[in-house]
Amino acid sequence: MNQAMILGTGSAVPKRILSNNDLAKIVDTSDEWITTRTGIKTRRKAGVGEETSKLAAAAGRRAIADAGLEIQDIDMILVATVTGDMIMPSCACLVQKHLGADKSFAFDVNAACSGFLYAFSIADKYIRADPSLKILVIGAETMSSRVDWQDRNTCVIFGDGAGAVVLGGGTGDRGLLAEKLYSDGELYKLLYIENAQSMNTDLRNPDYDGSYVRMAGREVFKYAVRAMAEAVYVVLDKAQVSAAELTLVIPHQANIRIINKLRETLNLSPEKVYVNVDKYGNTSAATIPIALDEANREGRLQPGDYVLFCAFGGGFTWGAQLVSW
Ligand code: UT7
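Residues numbered from 1 in each chain as written. Predicted model: local features only at pLDDT ≥ 70, side-chain atom pairs only at ≥ 80, totals over all residues. Heavy atoms only, no water.

(A) Representation of the nonpolar core within the structure. Counting residues in hydrophobic clusters, the biggest one holds 46 residues, and the most contacted among them are Leu308 and Phe312. Every element with two or more residues in this core is listed here: α7 (217–239), α8 (256–266), β12 (306–313) and β13 (317–324). Built from parts of two domains, this core gets at least three residues from each of domain 1 (4–173) and domain 2 (176–324). Apart from residues no more than four positions distant in its own chain, phenylalanine 312 is found in contact with Cys113, Ser114, Val220, Tyr223, Ala224, Ala227, Met228, His252, Thr317 and Trp318. Residues Ala111, Val137, Leu292 and Val323 belong to the second largest nonpolar core, which totals 34 residues. (Core = buried A, V, L, I, M, F, W, Y, C linked by side-chain atoms within 4.5 Å. Buried < 20%, exposed > 50% of the residue type's maximum accessible area, 1.4 Å probe, protein only. Helix = DSSP H or I, 4+ residues; strand = E, 2+ residues; numbered from the N terminus. Domains from an automatic or database assignment. Contact = heavy atoms within 4.5 Å.)

Written out as structure tokens, the structure is:
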């Protein structure tokens, strides 16, 4: 088969660690509230030299090395992000520049927290058309640049980081086996970031209140649990694989309570579900590739193991993918 297979993984997070107690000095919150409601203990906050494109390039460089490839082997770069350095050019073009990957073409994918799944899906279709391609897929965010640091509902949740995979043509049955992606733009108001105010005076938004993450947390929470579980069941059914056969589930890391509910629904033991939300918080499109890189480097994955990704985010967007490692 010609499906996309993961050849290498990498990740990069900013040096600066922000604890719950650090946040309690900025907004009216506490370590106790954040820990019990979200499972988050620390998150990373980008500084100079750690812009989204720089983190993405660092993660990409590690993934290329892990795959045993050279920068010049990369044909295409996809960056899933909602916090690129600029509106134009894409973050992917900046990553191409940082890496010196001048044989590749590059573009961004915006599907918020589900972005890595969407980008993986696009890359898979290119590889099915031409299995010789080597594609760098990155999820990278500096959410710290787009949270309102006065809003305790959001600023305690998000974090910065990047994760990457290199994809190539699958050998045997290894690679992306089944997937299902969804969007529902009717629900966009529950989780969004406005652009900068329009320069076209006719299109100015009189209610503009800044380019920050706005989230109806409780509604998003309920929808996320149900939607991700449904997506997982559809994908398992497509692949004719049972939940019990999964080696590892890597869910989007938004909230430990969402992850635990998903785990209970799928009737999985804790060691089968990867969790690092405690360390990094919600890094949006970067959560799954960062977690995958950690799991890979911990030696938790063997060839042929079933690994399942599932995500949920703004749009709404959501979905699941099953990979044979
Ligand atoms: O990645 C994309 C998808 N995003 C998600 O999946 C996020 C999903 N949502 C969540 O994870 C949770 O809804 C949150 C963690 C955002 C919030 O937890 P919650 O248990 O749903 O809390 P809530 O929003 O219902 O708020 C409960 C109370 C409120 O106070 P009152 O109105 O009951 O007096 C909030 O004002 O907790 C208050 N609160 C806080 N208190 C201390 C909200 N944020 C904080 C805070 N510290 N940081």
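There is more to say, and it comes next.
(B) Structural context of the domain arrangement of the protein. Partitioning the protein into structural domains gives domain 1 (4–173) and domain 2 (176–324). Residue-level contacts link 54 residues of domain 1 with 48 residues of domain 2. Between domain 1 and domain 2 lies a buried interface of about 3,800 Å² when both sides are counted; carbon and sulfur atoms form 59% of it. One salt bridge in this structure joins arginine 214 and aspartate 148, with 3.7 Å as the shortest N-O distance. Summed over the shared surface of domain 1 and domain 2, the number is 28 residue pairs in polar contact (both at pLDDT 80 or more). For the side of domain 1 that touches domain 2, the secondary-structure elements that each account for two or more residues are β1 (4–12), α2 (31–38), β3 (42–44), α3 (52–66), α5 (115–129), β6 (135–142), α6 (152–155) and β7 (160–169). Looking at the side of domain 1 that touches domain 2 element by element, the count peaks at nine residues for α5. Partitioned by chemical class, the residues of the side of domain 1 that touches domain 2 number 22 nonpolar, 17 polar and 15 charged. (Buried area = accessible area lost by both parts, 1.4 Å probe. Salt bridge = Lys/Arg side-chain N within 4 Å of Asp/Glu carboxyl O. Polar contact = N/O pair within 3.5 Å; in protein donor to acceptor, adjacent residues only side chain to side chain. Nonpolar A, V, L, I, M, F, W, Y, C, P; charged D, E, K, R; others polar.)

(C) Just unusual backbone geometry, in detail. The step from methionine 88 to proline 89 runs through a cis peptide bond, and the omega angle for that step is 5 degrees. Phenylalanine 316 follows glycine 315 through a cis peptide bond whose omega is -15 degrees. The topology assignment puts phenylalanine 316 in the loop between β12 and β13. Of note, glutamine 240 is a non-glycine position whose phi angle comes to about 55 degrees, a positive value. Inspection of the secondary structure puts glutamine 240 in the loop between α7 and β11 (248–251).

(D) Local environment of a positive patch on the surface. Where like charges cluster on the molecular surface, the positive patch consists of Arg37, Arg218, Lys222, Arg257 and Lys261. At the level of secondary structure, the elements contributing two or more residues to the positive patch comprise α7 and α8. As for its position among the elements, arginine 218 is in helix α7. With a relative accessible area of 68%, arginine 218 lands in the exposed category. (Patch = residues over 30% accessible without salt bridge, like charges linked within 9 Å, V, L, I, M, F, W, Y side chains within 5 Å. Areas by Shrake-Rupley, 256 points an atom, 1.4 Å probe, with all protein chains shown as cover. Lys, Arg positive; Asp, Glu negative; His and termini not counted. Charge placed at Lys NZ, Arg CZ, Asp CG, Glu CD.)

(E) Focus on helix α10 (residues 287–297). Burial of α10 is extensive: ten of the eleven residues sit out of reach of the surface. Residues of α10 that are buried: Thr287, Ile288, Pro289, Ile290, Ala291, Leu292, Asp293, Glu294, Ala295 and Asn296. Looking at the residues trailing α10, positive phi occurs at glycine 299, about 75 degrees.

(F) Structural context of the packing of aromatic side chains. Applying the stated rule across the entire model yields twelve aromatic pairs. Seen from their ring centres, phenylalanine 312 and phenylalanine 316 are 4.8 Å apart, and the 65 degrees between their planes marks the pair as edge-to-face. Residues phenylalanine 312 and phenylalanine 316 agree in their burial class; the two are buried. Taken together, the ring pairs connect Tyr182, Tyr223, Phe312, Phe316 and Trp318 into an aromatic cluster. Here the basic side chain of lysine 180 rests over the ring of tyrosine 182, its NZ or CZ set 5.2 Å away from the ring centre. (Phe/Tyr/Trp six-rings, centres within 6.5 Å; stacked < 30°, edge-to-face > 60°. Lys NZ or Arg CZ within 6 Å of the ring centre and 35° of its normal.)

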